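Here is how the chains run, residue by residue.
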Amino acid sequence: MNSEGERQRPKKGGKAKRRIIAAAVFLLVTAALIFLLQALLVPKYMSFPYDGALVREYYDSVPEHDVIFLGDCEFYECVNPAVIWSEYGIPVYVRGSSQQLIWDSYYFLLETLKYEKPKAVVFNAVEMKIGRVQHEEYTRLTLDGMRLSKYKLAAAKMSLTEGESLASYVFPIIRYHERWKELGEEDFRYMFRRDTVSYNGYLMMTGIRAKTSTVDPPALADYSFPDICVEYLDRIRLLCRDNGIEFIILKAPTDTWHYPWHDEWEAWMSDYAVANGVRYYSAIRSASEIGTDWTTDSYDGGDHMNYIGAEKVSRWFGAILRDEFDLPDRRAGGEGGLSAGALAEWAALTDRYAAAAAEAGEAAENAG
Amino acid sequence: MSSSKIKNSIFWKAAALLTAAIVCLVPVLASCGGGGGEIVLTDDSGDETDDVSGGVFSFKIASGASVAPNDNLATFIAAAGQPVSYEESNSCAYIGLDKVYVYSGYTIYTYPVNGVDYLLQLKFTDDSVSTPEGISIGCTEEEVVSTYGRGFTKIGDSIVYYRGATSLQFTLKSGVVNAVSYSAVE
């Protein structure tokens, strides 16, 4: 009996071990399957709309930026870091996304501070006008590419629309499980990698469509900004102040019936800047100084800038950053300069942009 | 059945149950996601409202066709005929196409939901048109109030009446109406 018992004991222990191993393997395989499925099913944004690829590209850049721009499409299509670097040697990054809401900007800034501490933050004034999520797609375009963190969850929580779950921002497969019906070659090709579509957050648009509309924008009953926007504007301003960061507000050049910038809003923003000791710049007001030409500088009739308009705005604002905020030229490297890795990244970025701009110019010339 | 066999059987049953649970997990979780992979517009800037007399503010043209904010515009646009001009503009990332129709005397702005255009705002551009109740640009504040009553909200230079998910706004300058607009209310 004893000897039999002694023989059985190790057998029992072996069974238990096998079960544990089997359970662990089972769980691992299941997790791997879910991971693979998720990698396959989430949108890659490697073709239209590219806008959804912008946010994740920030994590690939060397975090040595003196200026971070926070804003929506107005910003990521009119602020070109390659131009600002080439002309002034100021390293900037545009943390932009489609219809970025002001709380997204706030959480992007908090997240940015985990990686780096810029000297200045430039905020797009137009975000003040939208105090609620208009389309869930915009939240996805903004947050899909954001790394999972408490900031992402906080931003997602603010933007949840009816029927959405916070879990779907942690496990995007919950949101995209039905995409299997529309999977294409891109989904397989980019399961584990992405191409770079932006120039430090700048999305280059090459078309030209003149602004010809004379239609006024719809009237508003109440021109005051939503309370939540005012609250988050204060939060961003105070966050900058507490971290010794210069907070700058900029209104991009757009002013159309579709994306209007009302006089009342302009007045409010100017008053806010004065009252709180921050600088406010309007690319609408400064159009002649910038040299904005709406027959050539937009790709969609004046709603957004093409690369020609973006180059002008970037030269104008780069000079402001240099002259009014004393931001130094960091191209030299060495003491006070950027690291070799960052300099190499900027060299590659400016080369890539120069080639793309030359190609766009050639295409425009050929088109007549 | 020996106890070890029973235990073995329970283990595999549990494993099978766990497998089934996980297989079911994704669709169950997915059902919490509030939608599938197809991007569905969640714009709720107004209820889809029929042009119910008394329930909403509506505008009427000479042919008798009428339209209210949040109405599907197809019928009205067909009745209103060729606009003086028409423009459309894509939103960021091409999520939605907003349109504007300019007619003699008024301009119409639309918002899209699932490819259908709804009336966001109808704005008078001159005094050639009037509300069905007879108010046009150039009328006095007293005429507006005697027509629509005192149940308005004063916002800046405007007096605004609300009815259902619609509003009717009169902007005044020196006591005279200089703008009129019907709008969808969020």
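Residues numbered from 1 in each chain as written. Chains lettered and ligands numbered in written order. Predicted model: local features only at pLDDT ≥ 70, side-chain atom pairs only at ≥ 80, totals over all residues. Heavy atoms only, no water.

Chemist: Honestly, the sheet that holds strand 2 (residues 92-96) of chain A in this entry has me stumped. Any pointers?
Modeler: Neighbouring strands of a sheet are bound in pairs by backbone hydrogen bonds; such pairs are parallel or else antiparallel. Residues and elements named next belong to chain A. Read across the sheet, five strands follow the order 2-1-3-4-5 without closing on themselves; strand pairing throughout is parallel. Strands at the two margins of the open sheet, each flanked by one partner only, are strand 2 and strand 5 (279-282). Here the average twist between neighbouring strands, direction ignored, is 20°. In this sheet, strand 2 lies alongside strand 1 (residues 67-71) in parallel orientation, the contact comprising five bridges. From the neighbouring strand, Val 67 faces strand 2, where its bridge partner is Val 92. (Pairing = 2+ DSSP bridges. Helix = DSSP H or I, 4+ residues; strand = E, 2+ residues; numbered from the N terminus. Axes fitted to C-alpha atoms, helices over the stretch in contact; angles between N-to-C directions.)

Chemist: Just to check I follow, could you spell out a nonpolar patch on the surface for this structure?
Modeler: Taken together, the side chains of Ile 21, Val 25, Val 29, Leu 33, Phe 35, Leu 36 and Phe 192 of chain A make up a nonpolar region of the molecular surface, amounting to roughly 690 Å² of accessible area. With respect to the helices and strands, Phe 35 of chain A occurs in helix 1 (residues 2-41). (Patch = residues over 30% accessible without salt bridge, like charges linked within 9 Å, V, L, I, M, F, W, Y side chains within 5 Å. Areas by Shrake-Rupley, 256 points an atom, 1.4 Å probe, with all protein chains shown as cover. Salt bridge = Lys/Arg side-chain N within 4 Å of Asp/Glu carboxyl O.)

Chemist: Hey, could you run me through the side chain of Ser 61 of chain A in this one?
Modeler: Residues and elements named next belong to chain A. Structurally, Ser 61 can be placed in the loop between helix 2 (54-57) and strand 1. You can call Ser 61 buried: its relative accessible area is 10%. In terms of polar contacts, Ser 61 uses its side chain to reach the backbone carbonyl oxygen of Tyr 58, at 2.9 Å. Excluding its chain neighbours within four sequence positions, the residues that come into contact with Ser 61 are Tyr 93 and Glu 345. (Buried < 20%, exposed > 50% of the residue type's maximum accessible area, 1.4 Å probe, protein only. Polar contact = N/O pair within 3.5 Å; in protein donor to acceptor, adjacent residues only side chain to side chain. Contact = heavy atoms within 4.5 Å.)

Chemist: How should I be thinking about the pattern of salt bridges in this particular structure?
Modeler: Where charged atoms from two side chains of opposite charge approach closely, those side chains can pair. All names here are of chain A. The final tally for this structure, using the stated rule, is 24 salt bridges over all chains. A salt bridge links Glu 182 to Arg 179; the nearest nitrogen and oxygen atoms lie 3.6 Å apart. Note on Glu 182: relative accessible area 44%, which makes it partly exposed. Since its relative accessible area comes to 9%, Arg 179 is described here as buried. Of the charged contacts, one joins Arg 237 and Asp 234 as a salt bridge, the two residues approaching to 3.2 Å between their closest N and O atoms.

Chemist: Is there a simple way to think about the nonpolar core in this case?
Modeler: All names here are of chain A. Core analysis: the biggest nonpolar cluster contains 44 residues, and Ile 102, Phe 247 and Ile 249 have the highest contact counts within it. Mapped by element, the contributors of at least two residues to this core are strand 1, helix 5 (102-115), strand 3 (120-124), helix 7 (150-159), helix 11 (227-242), strand 4 (246-251) and helix 12 (263-276). Among all residues touching Ile 102, those that are not within four sequence positions of it are Phe 123, Glu 127, Met 128, Ile 228, Cys 229, Tyr 232, Leu 233 and Ile 236. (Core = buried A, V, L, I, M, F, W, Y, C linked by side-chain atoms within 4.5 Å.)

Chemist: I would appreciate a short explanation of helix 6 (residues 136-143) of chain A in the present structure.
Modeler: Every α-helical turn comprises 3.6 residues, leaving residues that sit three or four positions apart pointing alike. All names here are of chain A. Across the eight residues of helix 6, eight count as buried, placing the element largely inside the fold. Taken as a whole, helix 6 has its buried residues at Glu 136, Glu 137, Tyr 138, Thr 139, Arg 140, Leu 141, Thr 142 and Leu 143. Contact partners of the buried residues in helix 6: helix 2, helix 5, helix 7, helix 8 (167-170) and helix 9 (173-176).

Chemist: Help me out: how do you make sense of the sheet that holds strand 3 (residues 85-90) of chain B in this one?
Modeler: Residue and element names in this part refer to chain B. Pairing is antiparallel in the open sheet, where eight strands are placed in the order 3-4-5-6-10-9-8-7. Of all the strands in the sheet, just strand 3 and strand 7 (153-155) have a single pairing partner and so form its edges. Across the sheet, the axes of successive neighbouring strands diverge by a mean angle of 20°, strand direction being ignored. Pairing between strand 3 and strand 4 (residues 97-103): six bridges, direction antiparallel. Bridging from a neighbouring strand, Tyr 86 pairs with Tyr 101 of strand 4.

Chemist: What exactly am I supposed to notice about unusual backbone geometry here?
Modeler: Among all residues except glycine, the phi angle is most often negative; among peptide bonds, the trans geometry is most common. Residue and element names in this part refer to chain A. The omega angle of the peptide bond from Phe 48 to Pro 49 is 0°, so this bond is cis rather than trans. Even without being glycine, Tyr 45 reaches a positive phi, approximately 60°. Relative to the helices and strands, Tyr 45 is located in the loop between helix 1 and helix 2. Among the residues examined, Tyr 45 registers a relative accessible area of 10% and is labelled buried.

Chemist: I keep staring at the environment of Val 170 of chain A and nothing clicks. Help me out?
Modeler: All names here are of chain A. For Val 170, the location among the structural elements is in helix 8. The class of Val 170 is partly exposed, set by a relative accessible area of 28%. Residues Val 170 and Arg 147, spaced 23 residues apart in sequence, show a C-alpha to C-alpha distance of 9.7 Å. Filtering out sequence-adjacent residues up to four positions away, Val 170 remains in contact with Leu 148 and Leu 153.

Chemist: How should the packing of helix 5 of chain A against helix 7 of chain A be read in this particular structure?
Modeler: For any two helices packed against each other, the geometry comes down to the angle between their axes and how far apart the axes lie. All names here are of chain A. Axis separation between helix 5 and helix 7 bottoms out at 9 Å; the angle between their running directions is 175°. The orientation of helix 5 relative to helix 7 falls into the category roughly antiparallel. Where helix 5 abuts helix 7, its residues Trp 103, Asp 104, Tyr 107, Leu 110, Glu 111 and Lys 114 lie against Tyr 151, Ala 154, Ala 155, Met 158 and Ser 159. Broken down by class, the residue content of the contact of helix 5 with helix 7 amounts to seven nonpolar, one polar and three charged. (Parallel < 35°, antiparallel > 145°, perpendicular 65-115°, else oblique. Nonpolar A, V, L, I, M, F, W, Y, C, P; charged D, E, K, R; others polar.)

Chemist: How do you make sense of the confidence of the model for chain B when you look at a structure like this?
Modeler: Close inspection of predicted coordinates is inappropriate for parts of the model with low pLDDT. Across chain B, the average pLDDT comes to 78, with 69% of residues at 70 or higher. Low confidence marks residues 14-53 of chain B, where pLDDT is under 50. Its contacts with residues over four positions away, or in another chain, come to 69 contacts. (pLDDT = per-residue confidence, 0-100.)

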